[in-house]
Amino acid sequence: MDSLESLTRQITGAKELNSIVRTMKAMAAANIGQYERAMESLDDYWTNVSLGLVAYLKDIGLNNTDTTENANTKKSEKSICAIVFGSDQGFVGQFNDSLSQNVQESLATHEGKLEIWTVGVRVPLLLADMGMTVTKEFNLPNSINAITNLIGSILLQVEENHENGNIDEFYLFHNHLVNEGSYEQEKSRLFPLDAQWRQEKAQLNWPTQKQPEVIGDSGKLIHRLIREYLFVTLYKTCTESLASENLSRLNAMQRAEKNIEELLDEIGHTYHRLRQSSIDEELFDVVSGFTALKKDEY
């Protein structure tokens, strides 16, 4: 049976842990806010870049490209790369586990060359346990200001591998927010920007009745638009992943806080019962002693 001293130490430790949990919960909530604001800004910028691509496609007459022929001429075995955005820190529930499971299920049927690039130190360990080999690892940015350097490094590798013919297609795997309080796994195609991609972009509606025109060197324009499109897509993916990570941590901290409060309540009741029992014993000893003294007087 626990003593009063032992219960006191447990209560003190639980209160200190609860203080840490509350701090982590507050930090996670603040991080979610800044990443959500960044996502809203990125959505507007992504739309503008996409409209620029629409204008270019209309200008060169590729807005109605048929993808049937392109699909029939594809290689039977493609070399693909999966870029997986995970987390560095723990206390995120099933954030990395669910993502790793999604990657494994999505790539299970692929028979060609496969590369896996990861962002964050947790996912590579989980993928390795599943029998998958990670070929490149990138450090997860610890703030929104550090995302640009990460995206620049990934883009450099994407361009180098594609130009050398090492990889045909690039896919992004990450968690993204679906509504308040929840997230889910998502897979999206990053590259190449082929006929299928051109047809998808051509379906975007121009916001005005006037037909867009391309002014200047269209060759330089399309290269800049494509690079900007890839950059903002990767940036948006990373931001969504970081927002989801902090949401998962917030949910985990809320569960931890509830468990700690229930533990404190249970230990508190035990402490008060034990303390009352100790007081009762002391009173009983006093009363017994007093009774014995009264009998001696008679």
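Let me sum up the structure you'll find in this document. The structure displayed is predicted, hence computed values, not measured ones. Going along each chain's sequence as written, the residues are numbered from 1 onward. Per-residue local features of the predicted model are confined to residues with pLDDT of at least 70, and side-chain atom pairs are confined, for both listing and counting, to 80 or more; whole-chain, interface and lining totals are unaffected and use all residues. Heavy atoms throughout the structure, all of them, feed into the side-chain values; hydrogens and water do not.

**Considering the overall build of the protein chain**
Here's step 1: Check the secondary structure of the protein chain and you find seven helices and five strands.
Here's step 2: Helix and strand labels come from DSSP, where a helix needs a run of H or I of at least four residues and a strand needs a run of E of at least two; each type is numbered from the N terminus. Overall, the protein chain shows an N-to-C arrangement of helices and strands of α-α-β-α-β-α-β-α-β-β-α-α.
Here's step 3: All accessible-area figures derive from a Shrake-Rupley calculation using a 1.4 Å probe, and residue coverage is judged against the displayed protein chains alone. Taken as a whole, the protein chain presents about 17500 Å² of accessible surface, with 49% of it coming from carbon and sulfur.

**Side note on the packing of helix H3 (residues 95–107) against helix H4 (residues 122–129)**
Here's step 1: The interhelical angle for the contact between H3 and H4, taken along N-to-C directions, is 50°, at an axis separation of 9 Å. As far as their axial angle goes, H4 and H3 are oblique. Between H3 and H4 lies a crossing of right-handed hand. Facing H3, whose interface residues are Asn96, Asp97, Leu99, Ser100 and Val103, H4 presents Arg122, Val123, Leu126 and Leu127. Structural elements are reduced to axes, namely lines fitted to C-alpha atoms, with helices fitted over the stretch in contact, and the angle between N-to-C directions of any two is expressed from 0 to 180 degrees. Just so you know how the angles are binned, under 35 degrees is roughly parallel, over 145 roughly antiparallel, 65 to 115 roughly perpendicular, and the rest oblique. In this scheme the crossing of two helices becomes right-handed for a clockwise turn of the near helix relative to the far one and left-handed for an anticlockwise turn of less than a right angle. Contacts between residues were defined by any pair of non-hydrogen atoms, one from each residue, lying within 4.5 Å.

**Details of the nonpolar core**
Here's step 1: Note on terminology: a nonpolar core comprises buried Ala, Val, Leu, Ile, Met, Phe, Trp, Tyr and Cys residues joined through side-chain atoms within 4.5 Å. Exposure classes here rest on a 1.4 Å probe applied to the protein chains alone. A residue is buried below 20% of its type maximum, exposed above 50%, and partly exposed in between. Ile83, Phe85, Ile154 and Phe170 are the most contacted members of the largest nonpolar core, which totals 44 residues.
Here's step 2: Listed by contribution, the elements that provide at least two residues to this core are helix H1 (4–60), strand S1 (80–85), strand S2 (114–119), helix H5 (147–163), strand S4 (169–179), strand S5 (182–191) and helix H7 (218–297).
Here's step 3: In terms of residue count, the dominant contributor to this core is H7 (12 residues).
Here's step 4: Residue contacts for Ile154: discarding those within four places in its chain leaves Ile83, Phe85, Trp117, Val119, Phe138 and Leu234.

**A word on the packing of aromatic side chains**
Here's step 1: Each Phe, Tyr or Trp ring (for Trp, its six-membered ring) is paired with any other whose centre lies within 6.5 Å, and the angle between the two planes then decides the class: stacked below 30 degrees, edge-to-face above 60, tilted in between. Summed over all chains, the structure comprises five aromatic pairs.
Here's step 2: Ring centres of Phe95 and Tyr183 lie 5.8 Å apart, and the angle between their planes is 55°; this geometry places the pair in the tilted category. Highlighted residues: Phe95 in helix H3 and Tyr183 in strand S5, separated in sequence by 88 residues.
Here's step 3: For Phe95, a relative accessible area of 0% puts it in the buried group.
Here's step 4: Ring centres of Phe231 and Tyr235 lie 5.9 Å apart, and the angle between their planes is 40°; on these two criteria the pair is classed as tilted. With Phe231 and Tyr235 both in helix H7 and four residues apart, the pair spans about one turn of that helix.
Here's step 5: A residue is classified by how much of its surface remains accessible, and Phe231, at 22% relative accessible area, is partly exposed.

**Section: the pattern of salt bridges**
Here's step 1: Should a side-chain nitrogen of Lys or Arg be within 4 Å of a carboxyl oxygen of Asp or Glu, the pair is scored as a salt bridge. The full count for this structure, using the stated rule, is 10 salt bridges.
Here's step 2: Its salt-bridge partner being Asp43, residue Lys236 comes within 3.7 Å of it at the nearest N-O pair. Taken together, the residues span a long stretch of sequence, with Lys236 in helix H7 and Asp43 in helix H1 at a distance of 193 residues.
Here's step 3: What makes Asp43 partly exposed here is its relative accessible area of 36%.
Here's step 4: One salt bridge in this structure joins Lys78 and Glu169, with 3.1 Å as the shortest N-O distance. Here the residue Lys78 occupies a position in the loop between helix H2 (68–72) and S1, and Glu169 occupies one in strand S4, the gap between them amounting to 91 residues.
Here's step 5: The class of Lys78 is partly exposed, set by a relative accessible area of 23%.
Here's step 6: Where salt bridges share partners, they join Arg22, Lys25, Glu257 and Glu261 into one cluster.

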